[in-house]
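Chain residues, written in single-letter form:
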Amino acid sequence: MEKIKKIKIKKKNKKIKIRSNIENMVRKTMADFVDKEVIPIARDLDDSGKFPDKLFQKLAKMGLLGIRYPKEVGGAGGNTTLYCIAMQELARGLMSLAATTAMQCLMSTNGLYLYGSKKLHKEFLYPALKGEKIGAFQLTEPDAGSDLSAVKTRAEKTSDGYVINGMKTWSTSGPKADFHTVLCQTDSSKGLKGLRFFLVPKDTPGFSFSKPFKTLGTKTSVISEIYFNNCYIPEEYALGKEGKGLDVLLTILSEIRIMTASLALGLHRAALDDSIKYCKERVQFKKPISKYQLIQAKIANMAVNLEAGQLMVDKVTHMIDKGIPCLNNASMAKYFTVESACEASDYAMRIFGGYGYSMEYSVQRYYRDNRFLLYGGGTHEVLQTTIAREILSK
Ligand SMILES: Cc1cc2nc3c(=O)[nH]c(=O)nc-3n(C[C@H](O)[C@H](O)[C@H](O)COP(=O)(O)OP(=O)(O)OC[C@H]3O[C@@H](n4cnc5c(N)ncnc54)[C@H](O)[C@@H]3O)c2cc1C
């Protein structure tokens, strides 16, 4: 009996270590950077609506752009878990900076990393991971949003390459990008099986883009249409095999979804932190409003959903890093965290009362920026459909 008691006491005193040292270090480095360099200027940047060049360059110097790539290609040798931790912290400071950075770390560079030749790595991947070249990623067209089988941008085979004609829309970083990873149709009779990705440098004759879009939120993220008018691309610039465009997309779909979920966690955290501070300071009826149960209920709800979302994200990022298939878990995590972040920013607006409506406080930005999370990586209607289909098929 005495022995059992001793073992129990020993276990009680043992420190439970939930995260690795490197995970804690990345979180702390990014949190310090966001507190010191991003939050103080987030409002001005948002007002300017301009691409955040200086911060982007600082993040590049910190090695963030290559965080999930191996050192052999100029990356930092990290993984998806570390990438997502960094994105959570960045989104806590400024969603549009996080969105632009997330695009560079994953969507616009992954096809190049997996399928590009050494020559293409040297010309585009190394400079992209150093922040010297910006990349964009193009799936969406005016008539092809959720339904990629409707992609019309066509890559026509020639003797030694392809000629691309068509247009894409909602190109994040499009007007700033030096190269574009573009999903094209190579055989329109085959629908989803006739797709292939191509790398299109911005100086390709026939390539152009529109003026940046005016949008509700994520103001520093520059977005445009892009156009291809007889753009000749050598065979070497094809990323992945003919007809395998969807497979290339599927290699990162779980990661795109969990990255978006991570952005949601960051925004949710910001909404909760600001709400806690404000409700303790704001006095009405001679008491801080934090003393009122209806305010407490909102704080509790925001905190519980944040904790639950964090657990879902941590589980999925670790599954991805271990190579365990987890598309449905990633869909669930994206759906839950983004819906929760939307609710949290709405609650924050209410806790701030009329001041929530003022541009003086950041909660209005969280409320606008959270909408951005609803589309990329699958709309929530599409996610609900696929989550249910997977569950019901068993
Ligand atoms: C800020 C922002 C940045 C973006 N950046 C990029 C980018 O960099 N690159 C890129 O390629 N794209 C980008 N997109 C586009 C984004 O990926 C699309 O908006 C998304 O895929 C949805 O397509 P859609 O907007 O055409 O909506 P649609 O697919 O037309 O959907 C309209 C509505 O119908 C619903 N719906 C569609 N299909 C179904 C179904 N089968 N079942 C039930 N409901 C359905 C949708 O959920 C939605 O409510 C961006 C979008 C935004 C807003």
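Computed from a predicted structure; not experimentally measured.

Engineer: What's the story with the overall build of the protein chain in this structure? I'm lost.
Structural biologist: Scanning the protein chain from N- to C-terminus turns up 11 helices and 10 strands. For the protein chain, the C-alpha radius of gyration of 23 Å lies close to 21 Å, the compact-globule estimate for 394 residues. Considered along the principal axes of its C-alpha atoms, the protein chain spans approximately 75 × 60 × 45 Å. Across the 394 residues that make up the protein chain, the buried fraction comes to 46%. A fraction of 73% describes how many contacts in the protein chain between residues 6 or more apart in sequence connect residues 24 or more apart.

Engineer: Mind showing me how you'd approach the domain arrangement of the protein chain here?
Structural biologist: Accessible area lost upon the coming together of the parts is a frequently used measure of interface size. What the domain assignment lists for the protein chain is domain 1 (21–129), domain 2 (135–243) and domain 3 (247–392). The centre of domain 1, based on its C-alpha atoms, is set 23 Å off from the matching centre of domain 2. Looking at the side of domain 1 that touches domain 2, the elements with two or more residues in it are α2 (21–48), α5 (95–115) and α6 (118–129). Take the side of domain 1 that touches domain 2: its biggest share by element is 13 residues, from α5. Here the residues of the side of domain 1 that touches domain 2 are counted per class, giving 13 nonpolar, 9 polar and 2 charged.

Engineer: Help me out: how do you make sense of the site of the ligand in this one?
Structural biologist: Residues in close proximity to the ligand total 18 residues, the closest being G145, S146, T172, T379 and E381. At the level of elements, β1 (135–138), β3 (161–172) and α11 (380–392) are the ones that each hand at least two residues to the shell around the ligand. Split by residue class, the shell around the ligand holds 7 nonpolar, 10 polar and 1 charged.

Engineer: Mind showing me how you'd approach α6 here?
Structural biologist: Note on helix geometry: an α-helix contains 3.6 residues per turn, so any two residues three or four positions apart are oriented the same way. F124, L125, A128 and L129 are the residues of α6 that are buried. For α6, the buried positions fall inside an angular range of 120 degrees around the axis, keeping them on one side.

Engineer: Help me out: how do you make sense of the nonpolar core in this one?
Structural biologist: Most often, soluble globular proteins have nonpolar side chains that are buried together. Counting 104 residues, the largest nonpolar core has A86, M87, A98, F198 and L263 as the members making the most contacts within it. M87 has contacts with A98, A102, M259, S262, L263 and G266, leaving out every residue within four places of it along the chain.

Engineer: How do you make sense of the pairing of strand β7 (residues 223–234) when you look at a structure like this?
Structural biologist: Taken residue by residue, a regular strand's side chains alternate between the two faces of the sheet. As defined by bridge partners, β3 adjoins β7 across 9 bridges and the pair is classed as antiparallel. Paired with K168 across the bridge in β7 is I226.

Engineer: Help me understand the pairing of strand β5 (residues 195–201) in this model?
Structural biologist: Burial runs high along β5: 6 of the 7 residues are buried. Here strand β4 (residues 179–185) pairs with β5 via 7 bridges, running antiparallel. Directly across from V182, in β5, lies its bridge partner F198. Note: β5 against strand β8 (residues 238–239), 2 bridges, orientation antiparallel. Within β8, the residue paired with F198 across the bridge is A238.

Engineer: Would you take a moment to explain the packing of helix α4 (residues 80–93) against helix α8 (residues 293–321) for this structure?
Structural biologist: Helix packing for two helices is described by the angle between their axes and how far apart those axes are. Remark: α4 packs on α8, axes separated minimally by 8 Å, with the N-to-C direction vectors making an angle of 145 degrees. Residues T80, T81 and C84 of α4 pack against V313, T317, H318, I320 and D321 of α8. Tallied by class, residues from the contact of α4 with α8 come to 3 nonpolar, 4 polar and 1 charged.

Engineer: Teacher, can you tell me more about the packing of α5 against α6 here?
Structural biologist: At their nearest, the axes of α5 and α6 sit 10 Å apart, and the two run at 165 degrees to each other. In terms of their interaxial angle, α5 and α6 are classed as roughly antiparallel. When the axes of α5 and α6 are compared, the crossing they make is left-handed. Two secondary-structure elements touch here, α5 through Q104, T109, L112 and Y113 and α6 through L120, F124, L125 and A128. Its residues placed into classes, the contact of α5 with α6 shows 6 nonpolar, 2 polar and no charged.

Engineer: What exactly am I supposed to notice about unusual backbone geometry here?
Structural biologist: Comment: phi is negative for the bulk of residues other than glycine, and the bulk of peptide bonds are trans. Its identity as a non-glycine residue notwithstanding, W170 has a phi of 55 degrees, on the positive side. Within the element layout of this structure, W170 appears in strand β3. At S173, a residue that is not glycine, the phi angle is positive and equals roughly 70 degrees. With respect to the helices, strands and loops of the structure, S173 is situated in the loop between β3 and β4. S173 gets classed as buried once you count the C-beta atoms within 10 Å, which come to 24.

Engineer: I would appreciate a short explanation of helix α7 (residues 245–281) in the present structure.
Structural biologist: End to end, α7 covers 53 Å across 37 residues, agreeing with the expected 54 Å (1.5 Å per residue, within 8%). Taking the largest bend as the criterion, α7 deviates by roughly 45 degrees, centred on I252.

Engineer: When you look at the environment of K133 in this model, what are you seeing that I'm missing?
Structural biologist: Turning to its location among the elements, K133 is positioned in the loop between α6 and β1. Each residue touching K133, except ones within four places of it in the same chain, is listed here: F124, P127, A128, D178 and F179.

Engineer: It is not clear to me how the environment of T100 should be interpreted in this structure. Could you clarify?
Structural biologist: With respect to the helices and strands, T100 occurs in helix α5. Residues T100 and G75, 25 residues apart in the sequence, show an inter-C-alpha distance of 18 Å. Leaving out residues up to four positions away in the same chain, T100 has contacts with F56, S173 and S221.

Parameters at a glance
- Residues numbered from 1 in each chain as written.
- Predicted model: local features only at pLDDT ≥ 70, side-chain atom pairs only at ≥ 80, totals over all residues.
- Helix = DSSP H or I, 4+ residues; strand = E, 2+ residues; numbered from the N terminus.
- Rg over C-alpha atoms; globule rule 2.2 N^0.38 Å.
- Buried ≥ 20, exposed ≤ 12 C-beta atoms within 10 Å, placed from the backbone.
- Contact = placed C-beta atoms within 7 Å.
- Domains from an automatic or database assignment.
- Nonpolar A, V, L, I, M, F, W, Y, C, P; charged D, E, K, R; others polar.
- Near = placed C-beta within 6 Å.
- Arc of directions from axis to C-beta.
- Core = buried A, V, L, I, M, F, W, Y, C linked by C-beta atoms within 7 Å.
- Pairing = 2+ DSSP bridges.
- Axes fitted to C-alpha atoms, helices over the stretch in contact; angles between N-to-C directions.
- Parallel < 35°, antiparallel > 145°, perpendicular 65-115°, else oblique.
- Left-handed = near helix turned anticlockwise from the far one by under 90°.
- Expected span 1.5 Å × (residues − 1).
- Bend = angle between axes of the 7 residues up to and from the residue.

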